[in-house]
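The lines below spell out each chain.
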Amino acid sequence: MGHTILEKIIALQKKTSNIRNLCILAHVDHGKTTLADCLVANNGIISSRLAGKLRYLDSREDEQIRGITMKSSGISLHYTTGGNEYLINLIDSPGHVDFSSEVSTAVRLCDGAIVVVDAVEGVCPQTQVVLRQAWLENIRPVLVINKIDRLIVELKLTSQEAFTHLQKILEQVNAVTGALFTSKVLEERAEKDADATSSCTENSSGDQVYDWSAGLEETDDSDLYFSPDQGNVVFASAIDGWGFRIHQFAEMYSQKMGIRSSVLLKTLWGDFYINAKVKKIMKGAQAKGKKPLFVQLVLDNIWNLYDAVVTRRDKEKVEKMVTSLGLKVMSRDLRHSDPRVLLSAICSQWLPVSQAVLSMVCEKLPSPAEIVAERVEKLMSVGARRFDSLPEKTQELKKAFLDCSADEMAPVIVFVSKMFAVDSKALPQNKKRPLTQEEIAQRRELARQRHGERQAANQSTETSGSVDAGGTSILAAPATSSVTDALCAQTEALSVKTAVEEEGKEQFVAFARVYSGVIRKGQKVFVLGPKFDPSLALRMLSGGCSATDALPTIPHMACCTVDSLYLLMGRELEELDEVPSGNVLGIGGMEEFILKSATISTSLACPPFTPLNFEATPIVRVAVEPKHPSEMPKLVRGMRLLNQADPCAEVLIQETGEHVLVTAGEMHLQRCLDDLRERFAKIEISASKPIIPFRETVVRPPTLDMVNEELGKQQKVAVIHQVKEEQTKYPEGVQVDSTGLVMLTTSNKMATVGVRAIPLPEDATRLLEDNVELIRTMVQLSLFAWEGKTLDINQKILENIQDFKVKLESHLQGHKWRGAVERIWAFGPRRCGPNILLNNIEGYQRPSVWQCLKCVKEKEKAEATTLRDFDNSIVSGFQLATLSGPMCEEPLMGVCFSVETWDMKLSTPPAQQDSVDENSVSQCAETSNDNQSLSSELQDVHETDMSTTGSNRSRSRVEAMGSSVDCYGPYSGQLIASVKEACRYAFQAKPQRLMAAMYTCEIMATADVLGRMYGVLSKREGRVLHEEMKEGTDMFIIKAVLPVAESFGFADEIRKRTSGLACPQLVFSHWEVISSDPFWVPTTEEEYLHFGEKADSANQALKYMNAVRKRKGLYVEEKIVEHAEKQRTLGKNK
Amino acid sequence: MSIFTPTNQIRLTNVAVVRMKKGGKRFEIACYKNKVMSWRSGAEKDLDEVLQTNTVFVNVSKGQVAKKDDLKAFGTEDLTEICKQILSKGELQVSDKERHSQLEQMFRDIATIVAEKCVNPETKRPYTVNLIERAMKDIHYSVKANKSTKQQALEVIKQLKESIQIQRAHMRVRCVWPAKDGKRLKEKLKSLIKVVESEDFDDELEMVQIPEDTAEVSAGFSVTILWLGEKKEDLKQTSQTSKLDKKVCLIDPGCFREIDELIRCETKGKGALEVLSLKDVEEGDERLE
């Protein structure tokens, strides 16, 4: 780009009324980028010959390869019409659903939008979405009906047919707009109604007359719709470079036919025809079978041209047309073998699309200064907060918005909608430019100096003799000399590798727009995060202060200096010194301060702008891993950068250590992975299905079998199965009675524990889950209490705990739970999970978990029971058992273990009477020697390693007494192991179930794809909770739940099946018991009849369980080969 | 002419031979390949899917059937019963698929154990099993079928340390010892302790109570950690005569025994070492920002 244009643009930036900020929106493949190309070509940035082929704004490599736009990118154009010069900041946006977040970022910065619709495909899902987005952001749209050439060349419609077709499309678009309008009006009305009913409930209802009008009639909507005679519709074919508004034809024909152009303008679109005899325009062309005016005067001409140039290739006729239109076509184009070249050469002169579109834009779209007050209020009020509730100072800023003045005094307000990464090479500062003569001379001088120094340094190394010292002196010597030299030397000293790295570094540029004031290079500004609260800031700094003062730290606020400002020119950036209000710009050097979006201002009263409306929420989750584990840090850094660069992507590290990338769709995911690979992390990575968590639980014994017959009535046929299972389940030393009470003795036969597993009611489980934090503080409090530290406990926390306790009591009703809450021993796993250990041992008292409620710290009396000492072993055993269940080593949930008996044998009298602790330990040491079998738990290496070492104190005691060492390890260790095993067996004695994590899934879909959407849901085990119709539209809102395990690929499938008309959102909601028993085998006669002996119909729970077991390398009961006879065993060469 | 010329050569296909010596004689049965292990593990319940035939042979490949008299050694006439005995106790050549699946399972198991025990020292977060598996393949670790998986996992950790940033998850322990031994002990412990989180130097009696439920077990693997019930009274006795040093620190689980030994010997049983948590890891999800 030449300097002249740049200067012109800078000059124009100051004329706010001549600026147009607009974006191009459309469904994918409707020709946004092609249209943008035409507009860019108009400015001479690219050749008009290449317009439509180059896709100038698709600067990414994968965009070019795939042929779709993946990011929004801006470009500033200069346009002159009627003596007025305009600056047009054009933003091209992607059309694919996955990138609708990019659309949001583009729409936010604009005042107007060009909505492009394919003349063949008409209104598509994304068209609706972008119209809605434009609507929500309160920006004014204009319409371009593109690809009209396809109607002629591909569909071979006659001009008459094409006219009706175009009419239909226009109606569709207007229908969408109308729906948006009505839904808004209805919403407002509903709000008003709600207000009214709440305010005047005491009014007698008798005199209330329901207002059926619904307010639709009262609200004016005429200026909303697209209509060619309004001048906000362009018919175009961007690929062939032509486009027109009916204004152009109206003017043309008004001269020719002598009809006033205003009349023509009104009648050119619509059911009018010209009566040649009376030279009058009449209504009712369709009824009379006459050609409508539009067909006769406009379309026919184009059709003729196409017919001559493309279809019949009639050279003479073409020449005649060209001369009659008064165009000059180069003979090179005339001779070209491809008729399209000739066509575009003619068309782009006759009806240049850029002219049509740009003039429409300049006329119809508002300038930044004409910002509507309503929009300002919307932008400034975050979330549900009303504008009125904002602090006064903030409200004052509204004026600044409305003024949009580039005054020195006006506060600077800039909104950054996204951060995008730019190769640092592409930045204008780093661009290579031709050196001036002086510079060359300077460099030569420098090189000479350096050379001399190096020689000197070499000499010095020789003298010093030591190689090491020489190395440092080389570095040191230049450093002491002049600054420039030092710099040179440093770059020299750096290895080539680092140089390469620096070259490839990504720099972030903020994609932003100035709403008020002038932003300057080097200016100090506040960067306000999305959660910044102006009222808080104003409270903290009562007086007025500027960004230069030292400030206390305010959450979500940072203070920084504007590093550099850029003019966005597609793939290039031009450096600027200042940008006045109303312009779109790039800001460099903000990556430290801005994550994704932010508001920049010089006033702290400025509220952060409302968060962008994202049509697509990120729902596709994958786990990302580096190919080489040692490259982990690079991956983490890369993911951070990606997070910053992409408005929609989310990255997180899960507790399992997985690095999870959440994207809006498969295509978006692909782009993110490419970005990670090639730009941000620069390592090989692999993406896989994330690990799906499960929970294990027990349920009440079912009363119905799988064919809904009552259990217990029929005879059990498959006794064999049952017997076999029972045998394998319990090793010796474990006794299980019919009620599920498990008795287990430690390996030294010293203690016996009886444990029973009971399912917790669902509500109680949920309550426990919701109060994890509370339980954790509770545990901590009791820990402190035991330690004897006095802790001033927050009264509110105590109240919460009390509340929690009462609630828990209310959930644990019934006979068997009587007094259970008081007897809770511990929660687990990790001391705060949704499982309970109950102390049902007779005659054993221990301080309850609720002890922190008693504010008075009781001095704990030393209980002289041995049980008390080992209290903790039981808890530890319980914690271990709940952390990984027997089904697939996943945590337990909603299980209550009740310890019913706990016997300790104490045969020999204590050796030392003074300490109770000692006697138990010594006993276990003495008596345990004669035991033979090692418990399996203690056999494994780690175990013994840990437990024997962990036994420090018991052993020290034992050794001090001179008795032999317990061969089973310490006593408490054994107890932990036994309790854990007992819990596991108790768990297994009950009907076990797997719990799956569930997403709630909210789907917006139009009525016609409902059926297919239900199909996808049911295929993936989803369950529809409810559906309702959104008032005023044909959209349905469906709420469903879906197992997380089935959600992989869900978004993609549902979009494919519904042609993108349903957009789901997934949010984790709860855990749900999978009703099928993973260990189920047919047992009754009916079940045999129904399922056969093997019951190989898919058991969802078993499938999940085996998948987890396989992943963890646990034993899976699976045959290596299913059918023995079917193996091919012959060698290859026999 | 050899007996095994191509024409009269009989090749057993799809046959796995299970052998057993009983009463000084060798017996063989003919089974299907890849099925014997499944039978032994209980996954295959249909005997017909395991046995080619329920005849007992002396030599399967030659087709020599065992004599009835010889079979008396089994103590039963029922051939199927005898086959079951041989199946469960006899020796067999493990087939490729069986071995492969067994080794793969062990490999996974080892990786799972390593992933559970270790963290990335930089982020204090565990590695995923997948990543560990890949790293194990990178260092060409070969699974030994006759060693326990936990033993091998400990070896793997050592080897992995050379290629990636990995570390046994630290244990959080609390050491208590009489103050008079303090200086001496501290010097010795210095090398063993990774991070000292807090140090207390108390001389108040009440403050030296040790929480009894500190042996928190939060790790996902079956390790028993104990808090051995030394009574508070006990400590009080000691602390009446001397001050106690308290220290909360992070250590490598491998050093546990050494530290324990040290404290115990040096303080003559008066000091104590408790485990506060087995694994010092970050909890919860973190959003990268």
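Cut-offs applied
The numbering scheme is per chain: residues are counted from 1 as the chain's sequence reads. As they are written, the chains are lettered A onward and the ligands numbered 1 onward, keeping that order. Note on the predicted model: pLDDT of at least 70 is required for a residue's local features to be given, and 80 or more for side-chain atom pairs to be given and counted; whole-chain, interface and lining totals, by contrast, use all residues. Hydrogens and water molecules were not included; the side-chain quantities draw on all heavy atoms of the structure. Nonpolar cores were defined as sets of buried Ala, Val, Leu, Ile, Met, Phe, Trp, Tyr and Cys residues, with membership established by side-chain atoms within 4.5 Å. Three labels apply to residues, based on accessible area from a 1.4 Å probe with only protein chains included: buried if under 20% of the type maximum, exposed if over 50%, partly exposed otherwise in between. Under the scheme used here, helices are H or I runs from DSSP no shorter than 4 residues and strands are E runs no shorter than 2 residues, and both carry numbers assigned from the N terminus. Whether two residues touch is decided by their heavy atoms; if any such pair falls within 4.5 Å, the residues are in contact. Given a helix with a known number of residues, its expected span is that number minus one, times 1.5 Å. At least two DSSP bridges between two strands are required for those strands to pair. Orientation is described by lines fitted to C-alpha atoms, with helices fitted over the stretch in contact, and by angles between N-to-C directions that extend from 0 to 180 degrees. When two cysteine sulfur atoms lie within 2.5 Å, the pair is treated as a disulfide. Along the chain, pLDDT gives the predictor's confidence residue by residue, from 0 to 100.

Attention shifts here to the nonpolar core. Residues and elements named next belong to chain A. With 174 residues, the main nonpolar core has Ile-587, Leu-661 and Phe-897 as its most contacted residues. With 8 residues, the single largest contributor to this core is strand β31 (residues 992-1006). Contact partners of Phe-897, with chain neighbours within four places excluded, come to Val-755, Arg-756, Ala-757, Ile-836, Leu-837, Leu-838, Phe-878, Thr-882, Leu-892, Cys-983, Ala-986 and Phe-987. Counting 62 residues, the second largest nonpolar core, distinct from the first, contains Ile-148, Leu-293, Ala-308 and Ile-346.

Residues and elements named next belong to chain A. The terminal C-alpha atoms of helix α24 (residues 666-680) lie 19 Å apart, and with 15 residues this matches the ideal 21 Å at 1.5 Å per residue to within 8%. Of the positions making up α24, those classed as buried are Met-667, His-668, Leu-669, Arg-671, Cys-672, Leu-673, Asp-674, Asp-675, Leu-676 and Phe-680. Residue Lys-682 follows α24 closely and has a positive phi angle near 60°.

Moving on, we get to the sheet that holds strand β27 (residues 751-759) of chain A. All names here are of chain A. Here we have 6 strands laid out as an open sheet, ordered β25-β26-β27-β30-β29-β28, and mixed in their pairing. Each having just a single partner strand, β25 (734-736) and β28 (824-828) make up the two edges of the open sheet. When the angles between neighbouring strand axes are averaged without regard to direction, this sheet yields 20°. Where β28 lies against strand β29 (residues 835-839), 4 bridges are found, and the strand directions are antiparallel. Looking at the pairing, Ala-826 lines up with Leu-837 of β29. Where helix α30 (residues 871-883) meets the sheet, its contacts fall on β27, β28, β29 and β30 (895-904), and the angle it forms with β28 comes to roughly 35°.

With that out of the way, let us pick up the state of the cysteines. Each disulfide consists of one covalent bond between the sulfur atoms belonging to two cysteines. Residues and elements named next belong to chain A. In total, this model carries 0 disulfides over all chains according to the counting rule given. The closest cysteine sulfur to the non-disulfide-bonded Cys-23 is located on Cys-110, 3.7 Å from its own sulfur. Cys-648 takes part in no disulfide bond, and the closest cysteine sulfur, belonging to Cys-672, lies 8.4 Å away.

Attention shifts here to the confidence of the model for chain A. Residue and element names in this part refer to chain A. Per-chain confidence: chain A averages 76 in pLDDT, with 77% of residues scoring 70 or above. In this model, residues 201-209 is a region of pLDDT below 50 whose contacts with residues beyond four sequence positions or in other chains number 1 contact. Throughout residues 714-728 the model reports pLDDT below 50, and contacts reaching past four residues in sequence, or to other chains, amount to 20 contacts.

Here we come to the pairing of β27 of chain A. Residues and elements named next belong to chain A. For β27, the tally of buried residues reaches 9 of 9 residues, placing the bulk of the element in the interior. Judged by which residues are buried, β27 turns out to be covered on both faces: Ala-751, Val-753, Val-755, Ala-757 and Pro-759 on one side and Thr-752, Gly-754, Arg-756 and Ile-758 on the other are all buried. Taken together, the 5 bridges between strand β26 (residues 741-745) and β27 define a ladder with antiparallel strand orientation. Residue Val-742 lies in a different strand from β27, and its bridge partner there is Val-755. Across 9 bridges, the pairing between β27 and β30 is antiparallel. Of the residues in β30, the one forming a bridge with Ile-758 is Cys-896.

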